[in-house]
Amino acid sequence: MSGTTEIEKKSLEAHVELCAERYNALENRIDNVDNKISSLSTVVREVHDMIQRMSDQRTDQLVKWGAGIIGTLVATIAWLVAHYVIK
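Worth saying up front: this structure is predicted, and the values here are computed from it rather than measured. The residue numbering used here restarts from 1 in each chain and proceeds along that chain's sequence as written. The predicted nature of this model means local features are confined to residues of pLDDT at least 70 and side-chain atom pairs, given and counted, to a pLDDT of 80 or more, with totals for whole chains, interfaces and linings taken over all residues. Side-chain numbers come from the whole structure's heavy atoms, not from hydrogens or water.

Asks: Looking at this model, I keep getting lost on the overall build of the protein. Mind explaining?
Replies: In this text, helices come from DSSP runs of H or I with a minimum length of four residues, and strands from runs of E with a minimum of two, each type numbered from the N-terminal end. Looking only at helices and strands, the protein features two helices and zero strands. Dimensions of the protein, computed from C-alpha atoms along their principal axes, come out at roughly 115 × 15 × 10 Å. The burial tally for the protein puts 5% of its 87 residues in the buried class. Working note: accessible area of the protein is about 7900 Å², and carbon and sulfur atoms make up 64% of it. Of the side-chain charges in the protein, 10 are positive and 12 negative, and the distance between the mean point of each set is 15 Å. Using a 1.4 Å probe on the protein chains alone, a residue whose accessible area is under 20% of its type maximum counts as buried, one over 50% counts as exposed, and one in between counts as partly exposed. The Shrake-Rupley method, run with a 1.4 Å probe, gives the accessible areas here. Residue values count only the displayed protein chains as cover. In this tally, Asp and Glu contribute negative charge and Lys and Arg positive charge; neither His nor the terminal groups of the chain are included. One atom stands in for each charge, and that atom is NZ of Lys, CZ of Arg, CG of Asp or CD of Glu.

Here it is, written out as structure tokens:
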């Protein structure tokens, strides 16, 4: 921020004009920051959704593997019972 100039000290109109320019510059900077925050928020939301999808896929994969292993163990036990116990 620039300090008060000599012309501002002598002229109220010049002071008002320079303040208006300063406020416009501040407003533009705030708008830029707001836009950047909005785009960053969008990116964070997309990353969150992607991580959630990956987590869901991994959970589904683990459930399928677990079901396959349990099924194999049950089939093996059934075969062993049928082969050695029932005979």
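Let us keep going from here.
Asks: Any chance you could explain the pattern of salt bridges here in plain terms?
Replies: Once their charged atoms are close, side chains differing in charge can pair, the charge on each being opposite to the other. Between Lys or Arg on one side and Asp or Glu on the other, a salt bridge is scored when a side-chain nitrogen of the former is within 4 Å of a carboxyl oxygen of the latter. Summed over the entire model, instances satisfying the criterion amount to one salt bridge. The partner of E6 in a salt bridge is K9, with the nearest N and O atoms 3.5 Å apart. With E6 and K9 both in helix 1 (residues 6-10) and three residues apart, this pair spans about one turn of that helix.

Asks: Explanation requested: helix 2 (residues 12-85) in the structure shown.
Replies: Counting along an α-helix, one turn takes 3.6 residues, and residues three or four places apart therefore face a common direction. Helix span is expected to be 1.5 Å times the residue number reduced by one. With 74 residues, helix 2 should cover 110 Å at 1.5 Å per step; its first-to-last C-alpha distance of 106 Å lies within 8% of that length. Listed as buried for helix 2 are A14, C19 and R22. When checking whether two residues touch, look at their non-hydrogen atoms; a contact exists if any pair is within 4.5 Å. If you follow the buried residues of helix 2, they end up packed against helix 1.

Asks: Can you help me understand the environment of V33 in this one?
Replies: Secondary-structure assignment places V33 in helix 2. Given the relative accessible area of 46%, V33 is considered partly exposed.

Asks: When you look at a nonpolar patch on the surface in this model, what are you seeing that I'm missing?
Replies: Every patch collects residues that have over 30% relative accessible area and no salt bridge, joining them within 9 Å if they carry like charges and within 5 Å if they are nonpolar side chains (Val, Leu, Ile, Met, Phe, Trp, Tyr). Taken together, the side chains of I77, W79, L80, V81, Y84, V85 and I86 present a nonpolar region at the surface, about 760 Å² in accessible area. When you line up the elements, V81 lands in helix 2.

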